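# Breakdown of the fold
For reference, the chains in residue letters:
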Amino acid sequence: MAFGFFKKKQEVEKAPEAKASSSSVHYFNLRVREVIQETPDAFSIVFDHPADKKITYKPGQFFTLIPTVDGAKVRRAYSVCTSPYTDPYPAVTVKRVEGGIVSNFLGDHLKAGDTLEVMEPMGHFTIEPEASRKRHIMLFGGGSGITPLMSIAKSILELEKGSQVSLIYANRNEESIIFRKGFEELKQQHGNRFTIIHVLDQPPAGWTGPSGLLTPANLPALIDQLPQWPADAIEYYICGPEGLMICVEQTLQALNIPKTQIHKESFVPGKADKAVEQLSGADAAGAAQAHEVTVILDGEEYKFTVEPDKTILETALSLDIDLPYSCQSGLCTACRGKCISGKVRLVEDEGLSDQEKEEGYVLTCVGHPITDNVVIEIG
Ligand SMILES: Cc1cc2nc3c(=O)[nH]c(=O)nc-3n(C[C@H](O)[C@H](O)[C@H](O)COP(=O)(O)OP(=O)(O)OC[C@H]3O[C@@H](n4cnc5c(N)ncnc54)[C@H](O)[C@@H]3O)c2cc1C
Ligand code: FES
């Protein structure tokens, strides 16, 4: 296929054996069972299962909600706050973002009985509970970042009776603490196996807990207050605003915690300066050209040309190739695939672990081919 094709005229080459269906990604129209106001600006959406099947998900994964706002379908990722092991229905919790399109649309309009299009649960910020394991799951959350942590906490406390769960949860003030009642219930059910420390930036008068912003200077003392376990039996899960994520990561690094024990998820791309990879030589020349890319999606092959100013996902979607995606900003990994040939440049890779990068995983939503013969396997 020649380079420089106009997007609309580009024809996708499909392998002869390709089936009619373009993707095995599942979409559901889920009925909203209940909307629960958690705090003045956060609410949970509880879904009914579809009539013909039960939705399965792992603790900490996210649903992609696809509401129609002003006539256009928009996608946003929302993590489950429920546990597949303790809650009969799946739920997500949304915190309104000032000026945000979807969080406010849902908060203003969604009610019990409505139907919402949803993409099947995805994501790798998860945990596999094993009844025989004994470990300490240490959770660090801020604001809406508590949602996947709540799902993980409930699941581990229920299934791993020999494990400890601890949570350090930072919020602006007392009224912005999400799931207060849920934490009390976990404490009642699991006693000392669940420890929680609330940190408030603007505490009310008489507050006896820690206050102010978490920093690498004050966090170690809070960690010391948690039940002590052998270092190799502790796993760390972090989800919250950028400042909290950086603080916890720096603290754990200073404590020499191996990266393999640290799991993290960001809801928004970071603003902090990052080392931007400077391309040179053949890579720089390759980045300035269009390249043909082959995507293998559940065994079906699609070949198309990606122009230098477009991502692989953008190009595929413009050609009606139904690749999976959610956040479109390199965070959620819904668009993850393995690059088995050629070279792809990622302009953001926050969602991928070092191991995934070493294994050749790429994110099509932020990926640009910089060589010919790029082949990416998805699914
Ligand atoms: C894997 C994943 C899981 C997520 N899980 C949850 C969840 O459980 N609960 C939840 O409430 N959100 C969650 N999010 C964030 C969510 O997908 C949306 O980004 C968020 O609701 C804002 O969407 P919006 O349409 O309202 O705002 P937009 O119109 O998309 O954005 C408006 C502005 O707000 C900024 N912004 C977007 N999100 C945030 C934020 N969280 N805090 C501060 N500024 C922001 C944007 O950069 C933009 O400038 C998750 C995101 C990812 C990638
Ligand atoms: S769609 Fe979320 S990482 Fe690509």
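Residues numbered from 1 in each chain as written. Chains lettered and ligands numbered in written order. Predicted model: local features only at pLDDT ≥ 70, side-chain atom pairs only at ≥ 80, totals over all residues. Heavy atoms only, no water.

## Things to note about the site of ligand 1
Rule in force here: Only heavy atoms are used to decide nearness, and a residue is near a molecule or strand if one of them lies within 4 Å of it. Nitrogen and oxygen atoms within 3.5 Å of one another constitute a polar contact, given that in protein one can donate a hydrogen and the other can accept it, and given that sequence-neighbouring residues count only through two side-chain atoms. Here the Shrake-Rupley method, with its probe set to 1.4 Å, supplies the accessible areas, and only the displayed protein chains count as covering residues. In this description a helix means any DSSP run of H or I spanning at least four residues, a strand means any run of E spanning at least two, and both kinds are numbered starting from the N terminus. Classification used: nonpolar for Ala, Val, Leu, Ile, Met, Phe, Trp, Tyr, Cys and Pro, charged for Asp, Glu, Lys and Arg, polar for all others including Gly.
In the vicinity of ligand 1 there are 22 residues, among which Ala-77, Tyr-78, Val-102, Ser-103 and Thr-147 approach most closely. Between Ile-101 and ligand 1, the recorded distance is 2.9 Å, taken from a backbone N or O atom to an oxygen atom. Val-102 is positioned such that a nitrogen or oxygen atom in its backbone is 2.7 Å from an oxygen atom of ligand 1. For ligand 1, the protein covers 74% of the area, taking 910 Å² as the surface of the free molecule. Only strand S7 (76–79), strand S8 (91–95) and helix H1 (101–109) provide two or more residues apiece to the shell around ligand 1. When residues in the shell around ligand 1 are grouped by element, the largest group, 4 residues, is from S7. Across the shell around ligand 1, the residue classes tally to 12 nonpolar, 7 polar and 3 charged.

## Observations concerning the nonpolar core
Using the following cut-off: The definition of a nonpolar core used throughout is a set of buried Ala, Val, Leu, Ile, Met, Phe, Trp, Tyr and Cys residues joined through side-chain atoms within 4.5 Å. Categorising residues by exposure relies on relative accessible area from a 1.4 Å probe, with only protein chains included: less than 20% of the type maximum marks a residue as buried, more than 50% marks it as exposed, and the intermediate range marks it as partly exposed. Where each domain begins and ends follows an automated or database-derived domain assignment.
Counting residues in each nonpolar core, the largest one holds 27 residues, and the members touching the most others are Leu-139 and Phe-183. Mapped onto this core, the elements with two or more residues apiece are strand S3 (42–47), strand S10 (136–142), helix H2 (146–159), strand S11 (164–171), helix H3 (180–190), strand S12 (194–200) and strand S13 (234–239). Broken down by element, the residue count for this core peaks at 7 residues, all from H2. Two domains each donate at least three residues to this core, and these are domain 2 (27–121) and domain 3 (136–265).

## Observations concerning the side chain of Ser-266
Which entries qualify depends on this criterion: Note on definitions: a residue-residue contact is assigned when non-hydrogen atoms from the two residues lie within 4.5 Å.
With respect to the element layout, Ser-266 can be found in the loop between strand S14 (262–265) and helix H6 (281–287). Within the structure, the side chain of Ser-266 is placed 3.3 Å from the side chain of Glu-350, a separation counted as a polar contact. With near-sequence residues (within four places) excluded, Ser-266 lies in contact with Met-245, Leu-331 and Glu-350.

## Brief notes about the domain arrangement of the chain
What counts is decided by this rule: Two parts placed together each lose some accessible area under a 1.4 Å probe, and adding up what both lose gives the buried area. By convention in these notes, a salt bridge is any Lys or Arg side-chain nitrogen within 4 Å of a carboxyl oxygen on Asp or Glu.
The domain architecture assigned to the chain consists of domain 1 (7–23 + 277–378), domain 2 (27–121) and domain 3 (136–265). Inter-centroid distance (C-alpha atoms) of domain 2 to domain 3 is 24 Å. Summing both sides of the interface, domain 2 and domain 3 together bury roughly 1400 Å²; the carbon and sulfur share of this comes to 62%. By the criterion of area lost to domain 3, the three top residues of domain 2 are Cys-81, Tyr-85 and Lys-95, representing 30% of everything that side buries. Between Asp-87 and Lys-154 there is a salt bridge; the shortest N-O distance is 3.1 Å. Seen at the junction of domain 2 and domain 3, the total is 4 residue pairs in polar contact (both at pLDDT 80 or more). Those elements that place two or more of their residues in the side of domain 2 that touches domain 3 are strand S2 (27–39), S3 and S8.

## Things to note about the packing of aromatic side chains
As a reminder, the rule being used: Pairing of aromatic rings covers Phe, Tyr and Trp, the last through its six-membered ring, and needs centres within 6.5 Å; plane angles under 30 degrees mean stacked, over 60 mean edge-to-face, and all others mean tilted.
One pass over the full model with this rule turns up 7 aromatic pairs. Considering the side-chain rings of Phe-47 and Phe-63, the 6.1 Å spacing of their centres and the 40° angle between planes classify their relative orientation as tilted. With a gap of 16 residues between them, Phe-47 in strand S3 and Phe-63 in strand S4 (residues 62–65) connect regions that are remote in the sequence. Its relative accessible area of 0% is what places Phe-47 among the buried residues. Judged by relative accessible area, which is 0%, Phe-63 ranks as buried. Pairing Phe-140 with Tyr-236 gives two aromatic rings, centres 6.5 Å apart and planes at 15°, and the pair type is stacked. Of this pair, Phe-140 sits in strand S10 while Tyr-236 sits in strand S13, placing them 96 residues apart in sequence. Per residue, the accessibility class of Phe-140 equals that of Tyr-236, and both read buried.

## Topic: the pairing of strand S9 (residues 115–122)
Residues in a regular strand project their side chains so that they alternate between the two faces of the sheet. Our working rule: By definition, two strands form a pair when at least two bridges between them are found by DSSP.
Judged by how many residues are buried, S9 sits mostly within the fold: 6 of 8 residues are covered. Here S2 runs beside S9; their pairing, made up of 5 bridges, is antiparallel. Following the sheet pairing, Tyr-27 is matched in S9 by Met-119. Strand direction decides the pairing type here: S4 and S9, joined by 3 bridges, are antiparallel. Within the sheet, the bridge partner assigned to Phe-62 lies in S9 and is Met-122.

## So, the pairing of S8
Among the 5 residues in S8, 4 count as buried, and that is most of the element. Note that S3 and S8 share 5 bridges and pair antiparallel. Bridged to Phe-43 within S8 is Val-94.

## Quick word on the environment of Ile-137
Locating Ile-137 in the fold gives a position in strand S10. We classify Ile-137 as buried; its relative accessible area is 0%. Taking the C-alpha atoms as reference points, Ile-137 and Met-119, 18 residues apart in sequence, are found 29 Å from one another.

## Here's the deal with the packing of H2 against H3
Helix packing for two helices is described by the angle between their axes and how far apart those axes are. Quick reminder of the rule: Only C-alpha atoms enter the line fits that serve as axes; for helices the fit covers just the stretch in contact. Angles between N-to-C directions range over 0 to 180 degrees. Angle categories: roughly parallel below 35 degrees, roughly antiparallel above 145, roughly perpendicular from 65 to 115, and oblique for all the rest. By definition, turning the near helix anticlockwise from the far helix through less than a right angle yields a left-handed crossing, and turning it clockwise yields a right-handed one.
Relative orientation of the contacting elements H2 and H3 amounts to 15°, with a least axis distance of 11 Å. The pairing of H2 with H3 is recorded here as roughly parallel in orientation. Considering only the axes of H2 and H3, their crossing is left-handed. Residues Ile-146, Met-150, Lys-154, Leu-157 and Glu-158 of H2 form the contact with H3, whose own contacting residues are Gly-182, Phe-183, Leu-186 and His-190. Its residues assigned to classes, the contact of H2 with H3 comprises 5 nonpolar, 2 polar and 2 charged.

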